[in-house]
Amino acid sequence: MSVSSVSSESNESSEPSAETKAKADPDGAYRPIPDADRVPPRALGGGIVKLTSIAKTFYRGKEPIHVLERLDLDVPEGSFEALMGPSGSGKSTLLNIIAGLDRPTSGTVHVAGADLTRMSDGELAKWRSQTIGFVFQSFNLIPVLTAAQNVELPLLLTPLSGADRKKRVATALRVVGLEDRMEHYPRQLSGGQEQRVAIARAIVNDPKIIVADEPTGDLDRKSADDVLTLMEKLNKELGKTIFMVTHDPAAAERAGVRRKLDKGALL
Amino acid sequence: MVPVRYNTRSLLVRKITTTLTAAGIALVVFVFAAAQMFGEGAKRAMLASGRADSVIILRKGSDAELSSGIGNDYKKLGDLPGVAQVAGVGAIGEIVIVITAELADGSGGISNVLVRGTPPEGLAFRPEVKIVSGRAPKPGTNEVIVGKAISGRFKGVGPGQSFELRRNRPLQVVGEFTAAGASYESEVWGDLDVIRKYLGRESVVSSVRVRLTDSSKFEAYRMAVEADKVFSVKAMRERDYYRKQSEGTQFLVYGFTGIAILFSLAAMLGAAITMNGAVANRTREIGTLRALGFSRGSILVSFVLEAMLLTLIGGTAGVVLVQILSLFSFRTMNFMTFSDVVITFQATPGIVIGALVFSAVMGLLGGLIPAIRASRVSPVEAMRG
Amino acid sequence: MNVATYPTRNLFRRRGRTILTLIAIALTVLIFNVLRTCDHGWQVGAEEAAKDRLATRHKVSITMQLPKRYIDDLRDPAKLPGIKAATWANWFGGKDPRERVPFFAAFAADHLSWFEVMDEMKVEPAALDAWKQTNNGAILGDVLAKTLGVKVGDDLTITSDIYPGDWKFKVVGIYMPLRKTADRNSMVFRWDYLNNKLHENPQSATPKDQIGWVMSRIDDPSKSAEISRSIDKMFDERDDQTVTMSERAFQLSFLGGASAIINAFKWVSLGILLIMLLILANTVAMSVRERTHEYGVLRAIGFSPRYVFNFIMGEAVLVALLGGLAGVLLTMVLINGVVGPFIEENMGAFFPYFRTPMHVFGLALIGAVVVGVISGVVPAIGASRRKVTDALRRVD
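A. Focus on the overall build of chain C. From N to C terminus, chain C includes 14 helices and 13 strands. Against the globule reference of 21 Å for 396 residues, chain C gives a C-alpha radius of gyration of 30 Å, more extended than a compact globule. In terms of principal-axis extent, the alpha carbons of chain C reach across some 100 × 45 × 35 Å. The buried share of chain C, taken over its 396 residues, is 47%. Put simply, 80% of the contacts in chain C that link residues at least 6 apart link residues at least 24 apart.

B. Molecular detail of the overall build of chain B. Along its length, chain B carries 10 helices and 15 strands. Here the C-alpha atoms of chain B give a radius of gyration of 29 Å, more than 25% beyond the 21 Å that 2.2 N^0.38 yields for 385 residues.

C. Structural detail: the interface of chain C and chain A. Listed per partner, the contact involves 20 residues of chain C and 23 residues of chain A. Breaking the side of chain C that touches chain A down by element, the ones donating at least two residues are α1 (5-9), α11 (292-300) and α14 (388-393) of chain C. Sort the elements by how many residues they give to the side of chain C that touches chain A and α11(C) lands first, with 4 residues. Class assignment for the residues of the side of chain C that touches chain A results in 10 nonpolar, 7 polar and 3 charged.

D. Geometry of the packing of helix α10 (residues 259-290) of chain C against helix α12 (residues 305-346) of chain C. Residue and element names in this part refer to chain C. Where α10 meets α12, the axes come as close as 11 Å, and the angle between the chain directions of the two elements is 140°. In this structure, α10 meets α12 at a crossing whose hand is right-handed. From α10, Leu280, Val284 and Val288 reach across to α12, where they touch Ile312, Ala316, Val319 and Ala320. Looking at the contact of α10 with α12 residue by residue, the class counts come to 7 nonpolar, no polar and no charged.

E. Region of the structure containing the confidence of the model for chain C. When pLDDT is averaged along chain C, the result is 90; 98% of the residues meet or exceed 70. Our summary of model confidence lists the complex with pTM equal to 0.84 and ipTM equal to 0.83.

F. The arrangement of the arrangement of the chains in detail. Counting contacts across all 2 pairs of chains found in contact, the highest total belongs to chains B and C. Chain A makes no contact with chain B; the smallest distance between any of their C-alpha atoms is 9 Å.

G. Quick peek at the interface of chain B and chain C. If you look at the interface, chain B gives 49 residues, while chain C gives 41 residues. At the level of secondary structure, the elements contributing two or more residues to the side of chain B that touches chain C comprise α2 (15-49), β4 (91-102), β5 (110-118), β8 (162-166), α7 (247-281) and β14 (329-334) of chain B. No other element matches the 15 residues that α7(B) contributes to the side of chain B that touches chain C. Classifying every residue of the side of chain B that touches chain C gives 24 nonpolar, 18 polar and 7 charged.

H. Spotlight on the sheet that holds strand β4 (residues 106-111) of chain A. Residue and element names in this part refer to chain A. In space, the 4 strands of this open sheet follow the order β2-β1-β4-β5, with antiparallel pairing throughout. With one partner strand each, in any of the chains shown, β2 (63-75) and β5 (114-115) form the two edges of the open sheet. Pairing geometry for strand β1 (residues 49-60) and β2, over 9 bridges, is antiparallel. Bridging across to β2, tyrosine 59 finds its partner in proline 64. Each of β1, β2 and β4 is contacted by helix α2 (residues 91-98), which is oriented at about 125° to β1, the strand it contacts most.

I. How the structure looks around the pairing of β1(A). Residues and elements named next belong to chain A. A loop of 2 residues connects β1 with β2, the two strands running antiparallel in sequence, and glycine 61 in this loop sits at a positive phi of about 70°. Pairing geometry for β1 and β4, over 5 bridges, is antiparallel. Bridge pairing links leucine 51 to valine 109 in β4.

J. Seen up close, unusual backbone geometry. Non-glycine residue Ser53(A) carries a positive phi angle of around 50°. On the secondary structure map, Ser53(A) appears in strand β1. Non-glycine residue Ala87(B) carries a positive phi angle of around 50°. Relative to the assigned elements, Ala87(B) resides in the loop between β3 (83-84) and β4.

K. Structural context of helix α8 (residues 283-292) of chain B. Residues and elements named next belong to chain B. Among all positions in α8, only Ile286, Leu289 and Arg290 are buried. Buried residues in α8, looked at end-on, bunch into an arc of 100°, giving them a common side. Looking at the buried residues of α8, the elements they touch are α9 (296-322) and α10 (349-375). Positive phi appears at glycine 293, one or two residues downstream of α8, with a value of about 125°.

L. Layout of the domain arrangement of chain B. All names here are of chain B. Segmenting chain B into domains produces domain 1 (4-47 + 247-383) and domain 2 (54-213). Here the C-alpha centre of domain 2 lies 45 Å away from the C-alpha centre of domain 1. Going through the elements one at a time, α2, β14 and β15 (339-344) are the ones with two or more residues in the side of domain 1 that touches domain 2. When residues in the side of domain 1 that touches domain 2 are grouped by element, the largest group, 4 residues, is from β15.

M. Main features of the nonpolar core. Counting residues in hydrophobic clusters, the biggest one holds 242 residues, and the most contacted among them are Ala200(A), Val31(B) and Leu280(C). Of the residues forming this core, the biggest block, 19 residues, is contributed by α2(B). Setting aside residues up to four positions removed in sequence, Val31(B) forms contacts with Phe256(B), Ile259(B), Ala260(B), Phe263(B), Val268(C) and Gly271(C). Judged by nonpolar contacts, the second largest core, of 53 residues, contains Ile62(C), Trp114(C), Met118(C) and Trp167(C).

N. Highlighting the pairing of strand β7 (residues 143-147) of chain B. Residues and elements named next belong to chain B. By the criterion of burial, β7 is predominantly enclosed, with 5 of the 5 residues buried. Sheet topology places β7 next to strand β9 (residues 169-178); 5 bridges connect them, and they run parallel. Across the sheet, the residue bridging to glycine 147 is phenylalanine 177, located in β9. Across 2 bridges, the pairing between β7 and strand β10 (residues 187-191) is antiparallel. By the bridge assignment for β10, valine 146 is matched with valine 188.

O. Highlighting the packing of α7(B) against α10(B). All names here are of chain B. Two elements in contact, α7 and α10, have axes separated by 8 Å at closest approach and are oriented at 25°. The angle between the axes of α7 and α10 places the two elements in the roughly parallel class. The interaxial crossing formed by α7 with α10 has right-handed handedness. Across the interface between the two elements, Ser264, Ala267, Met268, Ala271, Ala272, Met275, Asn276 and Val279 of α7 pack against Met362, Gly363, Leu365, Gly366, Gly367, Ile369, Pro370, Arg373 and Ala374 of α10.

P. Quick look at the environment of Ser339(B). Mapped onto the secondary structure, Ser339(B) falls in strand β15. Measuring from C-alpha to C-alpha, the distance between Ser339(B) and Ser111(B) comes to 7.5 Å, with 228 residues separating the pair along the chain.

Calculation notes
Residues numbered from 1 in each chain as written. Chains lettered and ligands numbered in written order. Predicted model: local features only at pLDDT ≥ 70, side-chain atom pairs only at ≥ 80, totals over all residues. Helix = DSSP H or I, 4+ residues; strand = E, 2+ residues; numbered from the N terminus. Rg over C-alpha atoms; globule rule 2.2 N^0.38 Å. Buried ≥ 20, exposed ≤ 12 C-beta atoms within 10 Å, placed from the backbone. Contact = placed C-beta atoms within 7 Å. Nonpolar A, V, L, I, M, F, W, Y, C, P; charged D, E, K, R; others polar. Axes fitted to C-alpha atoms, helices over the stretch in contact; angles between N-to-C directions. Left-handed = near helix turned anticlockwise from the far one by under 90°. pLDDT = per-residue confidence, 0-100. Pairing = 2+ DSSP bridges. Arc of directions from axis to C-beta. Domains from an automatic or database assignment. Core = buried A, V, L, I, M, F, W, Y, C linked by C-beta atoms within 7 Å. Parallel < 35°, antiparallel > 145°, perpendicular 65-115°, else oblique.

Set out below in structure tokens:
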């Protein structure tokens, strides 16, 4: 079942202008991590995400379950992708592979210039901290830390000073519009606010790609809407590539590219 | 209606926490039961030692044979009414001394061994005494027999060995004896006159014993004995005497039982932590049960039962493990006699039941507050995501 | 905020559970301290024994007596060099007829030399003089005097386990301990009074001029073993042989009978640490399992397995340490503040000194930290090794 990706409506995704970036980040505190500190890219052709002939097989006891088979995927930088499909279709599995959380049984995975299948677990962890921002469906935040502390977490893995970290946290929370809730604990926030804090945490390290697994799954309509608007903003104004798995047709509607995954095949 | 099967299955699913908590309870029950078994062993030794129809006479003011002294005219005490003749003799006089001896375990430690000089009729006076190896000592010689409980525990105090009572006055061990578990089994027995001579105390005995024709004759006998102004002695039933002696080891039972109870406080906290965590994690399940119609009371009872089941599992493990102690005996100094006594751990059904009840109580007390919390969960929680 | 913030803040996660765990650890530390204090208390007499004193007793048994004339030999430097002074005492087996105190030590000693050799008990020179004038004079330890309600000048009647009748004494002095571990529950009266009283009756069968044991002061502690041997050698040929040892060994020898009990206490104190371990391991295991998804999130955003391992271990050790400190504090207040003085007053004969020493506190804290490490290690390894995708799958 080798089917290549077919994209239906895809908007033009371009680098946001310097002007747009400056508006979002007036202090200039939100400097990108210099490439020297990043895991060195291996130059290859294709988009920011390039999967070639990916297969993933799980084993239930002795029985093999082929979740993904000979799947190809090419995602250009700056794209806002939505992946839909029935339960068990392998959406999360594909997401995990793209995000460097799981390895395919066979095939090559190039993300943001890195060849993930050639990297060790430790290298992958470091790569993830610099390249990927995560938003999960629920239980994103650590309940015993404040919003600001939650957002600061990924920065603890960088060599940034305490003052720099604080500046970045403030900027990230401003981007998501929750700067005034910095010192609040997750239990003091609504579901939608929690997700936006999670998004702030996802962008605080200036990742190239944001990976979201059912980000609006637990939210009411209004909060879901706010979250999706925010994600659009991140995509258009800050140039983030977004890969989102979702059940929600309204969420998929907001994406630039919609794909369907059914029985391990990308439609 | 109490959802017992639900609670039982929950314990099985949370294997790790169940095991850890139950292990703590098992340890507490072990210490508790061990203390009880020691006490039972001490009681058995005491009961086996004293007869209701035997009387022991000591100097007035003395509480133990070791510190008591009665003059050689003690034979008169056997002539009083009510006394039965045993092996042709009314009153048995014995000398008791405690000697320091080195432990045979190589630790270099020393402790005290009780040596008893008894007349030729002394063995017959105690029909429960049986020679289990070697032979009885020849009267008038320096031959001695050693009680099975302490045989071999001290250097020179074992079959075929000899030890010095004083310089150039050795005692030869020619046999071992048992006495149906009595404290005599922790003593060395030899000839009264020989030992008195060795000690230079030919004119005293430590204690005098008589056998009454009937145990009801005791009061009359006692009054007759204590009325004698010359003698200045007191008479006790042997049984009462040994009961008092066992007080020298009772404090150990109290002490270790007290320790077990302190332990149990910690273990109960452990059970409370476990049950609290269980309730917190199963809020939705409990809400569902409530929505299905189980009342608050039934939830409360079911969680208390779950806690008690948890602690009973631990208690059972502890009770099973503690049976191993029956194979061991414990040597300690009886501070009333100032000599060592060896006590065997004795299990009884009463102790087993008591230990299990103890563990159930731990579950009841530890699980009560978490169970109350569980009962407060409303059916609405079942619907919360 | 730093990497230590997360494990520290986790203590506030389930406040009730943290508090119960801390209480449980504090309680187990308290019990541990009490058990080890008992252990220490029994042996403190031996540890604080004077290094320059020897004890000599009858070889067969402490319950057998030696002839008084042995003292003359011991005090003769020509026969036994190296001995500066020698004194003696007989055990009296004293009991309080009014049973105000369950047990106290009473002995008859040489009034001319006893407190000179046993100099950790301080007596006013005036009291010693009065003792010389009063045949039935007695000097009591300060705690015993308080319990019996007597002061200098009062009469005191006691009975004996060993000797019949009532014995009437006059309190001529109170001794104060110069060391905090010294015994304060003893009563000392004149040996010559005992000796004379026992032989008032010329028919008396008890041998005259017998002493219980000897305490000698030597001038060179390093020669302790050598001098002991020479003393015993001197009396080896006599009917009543002696055995001489350092005061420390003498004190320890009284513990020989209780050695099994002392060992039992040591095992039991390990047992309480085991209970602490089981409780803390349970708490950590429960908490870690509940946070499986969260550890997955941390791994996803880039924290390596080592971080997860350290977070869990850090939390476990922190809880153990806090509980341990609470337990130590509790012990200081309860034992050293309240129970200790109570025991010293009422059971002073067995425990003249019942305070928890510093090294026991240190041992308890080290024990708590070790328990924290062991409790944390298995859940920490499990959580750090779990596949990220498996952890994220669990929503709990």
